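Next come the chains, spelled out residue by residue.
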Amino acid sequence: MEISKQNYLDYLNKNQKEAIIGLDGPCLIVAGAGSGKTKVLTSRVVHIIKQKKAWPNQILCVTFTNKAAKEMQNRVLKLLNQKTKSLPWLGTFHSVSAKILRKHAQAVDLNSRFTIIDQEDQLRLIKNICKAENFDIKKISPQFILSLINQWKNKGLLPRNVVTKKGLPLEKAILNVYKFYQERLKILNSCDFGDLILLCVKMFENNPDILELYHNNFKYILVDEYQDSNYIQSKWLNLLAKKNNNICCVGDDDQSIYSWRGAEIKNFLDFSKIYKNTKIIKLEQNYRSTQNILSAASELISNNKDRMGKKLWTDSKDGELVKLTCYKNGKEEATGVSDIIESKLKKKYSLNNIAILVRAIFQTREFEERFLKIGMGYRVVGGTKFYERAEIKDSVAFLRIVNQKNDDLAFERIINVPKRSIGDGALKQFHEWGRKNKKSLENSAVELLQLDKIKPKTKLGLLKILNLFNKWRSDLKKKKHYELMEIILDESGYSKMLKGKKDLESEGRLENLKELIKGMRDFDNLQSFLEHVALATSIDQDWNGQKVNLMTMHGAKGLEFDAVFLPGWEEGLFPHQKSLEEKGDLALEEERRLAYVGVTRAKKESFISFAMNRLYRGDWVDSLASRFINELPEKNIKKEDQIESSNEDLFFNQDIDYSEGIRSPGWARLQKKNLKRIK
DNA sequence: TAACAACGCTTTTTT
DNA sequence: AGCGTTGTTA
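Just so it is clear, the structure is predicted and the values come from calculations on it, not from any experiment.

**Q** Would you explain the environment of Asn549 in this entry?
**A** Structurally, the position occupied by Asn549 is in strand 12 (residues 548-552). Asn549 sits in the buried class, given a relative accessible area of 0%. In this structure the C-alpha to C-alpha distance between Asn549 and Asp270, which are 279 residues apart in sequence, comes to 37 Å. Dropping the residues within four chain positions of it, Asn549 is found in contact with Leu351, Asn352, Ile354, Ala355, Ile356, Arg379, Val381, Trp543 and Phe561.

Written out as structure tokens, the structure reads:
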């Protein structure tokens, strides 16, 4: 007993121990990259349980990603020696909120079987509203409306709370769309991602009795990656922590890279102002990287002004210098990288421990082509999302409409798939009827059928599919959800449709559907499966075999690899042009933090590179080395030039004043393009 | 209604 | 360059 109690505290340094032992009161842990953040968090959970301060179900532990939640779940359970089966309240902000909302759905005017819609559905809904309200899409794109609505939600604003600025008549129009959008969501018995948090907060504010239930239950609250929280999420925590005040947040201001979705570092920096008597603990010893890598990263991030200030140190060896290479073009960059892996790294490391981290996911393509050519195994992490594939979304839409009659977005998606003569005309009829009578599409269709207002050919197809819906609904009571999926794919004609198309793609789709049905077995019932689909987006990655990892820097946060490649460090690509245009210096600092995240993923070796020329959207673009390259400390870097020409030094010694317009053909072209887009 | 052509937008990052 | 959306025609 005594031994196992010691176990989880043994291999911790002084600060880490301190971060774990004081359990009561607010606590902010500033944890640098590779400083054992997850270890501290998991140990703290274990400590709470072993000290009998709370039962596992009395601990609320929130993360931002499913990956992080799963990782923590596994690590905690391992430390607890499987005495505990699970921590029910360990999950993402969104999944925990959904769980709470389903318990009290009526309090926010929903049915507990409400559907959680994703971005694609959000967009469709907005488009539908714009169409119905004769809102000019050419003037303002639905995308823009969507982003504004999401921003409002992140700030905790429902339509009635939004105050539009006087000089912006368009904003008022968008607010109007927002109003319709929320109304429509209610009728559809649906929530978007933002609603999950926002409605939860509103519910707590309006129903003190419900909030009290959770006050009584959650003895301790722990939060991972707190620097990525937005206003409404911090509010959510604030409400839940109010009574016990036992809230412990872990984060790193230097790794805040999600401001574009509303994250405010302010939450992190002002934590001690909001929570009185906060204990602040800094974890500054890095256990991951060599001295050279750590120095390069530290020097780079020191160019940011808006920091809490940390001094990461390590007692590991200098290791290899960080390699910096200039390639002629993107293709040669891919070739160069694969050559290095082939000739030097393959012997030393497992391919699984090698990663190529890019700014934007499309950059992986060049590497994929190369790896396919030379037959090197690779996996794209986070790229193709399983649940976002068309055939998967179609199948899930069938399940959604079976589960929840008011799910118009699901209805619309599959009502004419495969083709059953229910075209735009009929759909428009349903929409109009539904809007006039505040009915869902399915109910509208039923009523219109009864009134005999549907064209004969359409009527035939419609009757058939509506009857099928009802049959499947009764099947659901008798059959397992995965059996139902097979029945649906068969009876709807969906499988037949795919089998009929004899191309390679359709075969792949059929494979995916098999995979889907297999995956469904992991869930107890339809409801929990649908919840997973809505919040998870990706099926478990295959970590089998030896493969190089390709992913974005955003996606790599929290991971580490022996060797890391960071290609494409070029102005316009990284730092990214669009982000600079939108937010200027603030965005530049965020891009720099992203660079910091990238570099600090490496344990032993890191390779930064850029290309002079790149094929971008069909034409060749000349490019400049990223300004971040000049910010790397000379003494930790080794330049490896791939260019034979004599002006090579030019590319390493570009002394450019970025505050003024930059003049290179590629830059000019980029600017012209952007201008064109604005017009 | 369905098939085909033309157009324009995309590719920053995600629950 | 490639895809999805929109417009035109059978």
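**Q** What exactly am I supposed to notice about the pattern of salt bridges here?
**A** When their charged atoms lie close together, side chains carrying opposite charge are able to pair. Summed over the entire model, instances satisfying the criterion amount to 49 salt bridges. Here Asp394 ties to Arg413 by a salt bridge, and the two come within 2.7 Å at their closest N and O atoms. Here Asp394 is found in helix 17 (residues 390-403), whereas its partner Arg413 is found in helix 18 (residues 408-414), with 19 residues between them in sequence. Given the relative accessible area of 9%, Asp394 is considered buried. Beyond isolated ion pairs, a larger network of salt bridges with shared partners links Lys37, Asp224, Glu225, Asp228 and Lys557.

**Q** Is there a simple way to think about the protein's contact with DNA strand B in this case?
**A** Around DNA strand B lies a shell of 28 residues, among which Trp260, Arg359, Ile361, His576 and Lys578 are the nearest. A share of 51% of the atoms of DNA strand B within 4 Å of the protein falls on sugar and phosphate groups. Contacts to DNA strand B include Ile361, whose backbone N or O atom sits 2.9 Å from a phosphate oxygen. Looking at the surface near DNA strand B, the elements that each hand over two or more residues are helix 19 (424-437) and helix 27 (577-583). With 3 residues, the top contributor of residues to the surface near DNA strand B is helix 27. Looking at the surface near DNA strand B residue by residue, the classes come out as 8 nonpolar, 13 polar and 7 charged.

**Q** Mind showing me how you'd approach the nonpolar core here?
**A** One broad trend across soluble globular proteins is that nonpolar side chains are buried collectively. Core analysis: the biggest nonpolar cluster contains 69 residues, and Phe204 and Trp236 have the highest contact counts within it. Of the residues forming this core, the biggest block, 8 residues, is contributed by helix 9 (residues 193-206). Core analysis: the next-biggest nonpolar cluster, separate from the first, contains 47 residues, Ile414, Ile422, Leu466 and Leu498 among them.

**Q** How do you make sense of the packing of aromatic side chains when you look at a structure like this?
**A** The geometry of an aromatic ring pair comes down to the distance between the two centres and the angle between the two planes. Considering all chains together, one arrives at 22 aromatic pairs under this definition. Centre to centre, the rings of Trp89 and Phe218 are 5.3 Å apart; their planes meet at 80 degrees, and the pair counts as edge-to-face. In this pair, Trp89 is assigned in the loop between helix 4 (66-79) and strand 3 (90-92) and Phe218 in the loop between helix 10 (208-217) and strand 6 (220-223), connecting sequence segments 129 residues apart. Each of the two residues, Trp89 as well as Phe218, counts as buried. Here Tyr226 and Phe268 contribute two aromatic rings whose centre-to-centre distance is 6.5 Å and whose plane-to-plane angle is 45 degrees, an arrangement assigned as tilted. On the criterion of sequence distance, the pair formed by Tyr226 in the loop between strand 6 and helix 11 (231-241) and Phe268 in helix 12 (residues 265-269) is long-range, its members being 42 residues apart. What links up through ring pairs into an aromatic cluster is the set Phe398, Phe411, Phe430, Phe469, Trp472 and Tyr494. Of note, Lys99 hangs over the ring of Trp89, and the distance from its end group to the ring centre comes to 4.6 Å. The aromatic ring of Phe114 is capped on one face by Arg102, whose charged end is 4.1 Å from the ring centroid.

Rules used throughout
- Residues numbered from 1 in each chain as written.
- Chains lettered and ligands numbered in written order.
- Predicted model: local features only at pLDDT ≥ 70, side-chain atom pairs only at ≥ 80, totals over all residues.
- Heavy atoms only, no water.
- Helix = DSSP H or I, 4+ residues; strand = E, 2+ residues; numbered from the N terminus.
- Buried < 20%, exposed > 50% of the residue type's maximum accessible area, 1.4 Å probe, protein only.
- Contact = heavy atoms within 4.5 Å.
- Salt bridge = Lys/Arg side-chain N within 4 Å of Asp/Glu carboxyl O.
- Near = heavy atom within 4 Å.
- Polar contact = N/O pair within 3.5 Å; in protein donor to acceptor, adjacent residues only side chain to side chain.
- Nonpolar A, V, L, I, M, F, W, Y, C, P; charged D, E, K, R; others polar.
- Core = buried A, V, L, I, M, F, W, Y, C linked by side-chain atoms within 4.5 Å.
- Phe/Tyr/Trp six-rings, centres within 6.5 Å; stacked < 30°, edge-to-face > 60°.
- Lys NZ or Arg CZ within 6 Å of the ring centre and 35° of its normal.

Read these as spatial facts, not as claims about activity.
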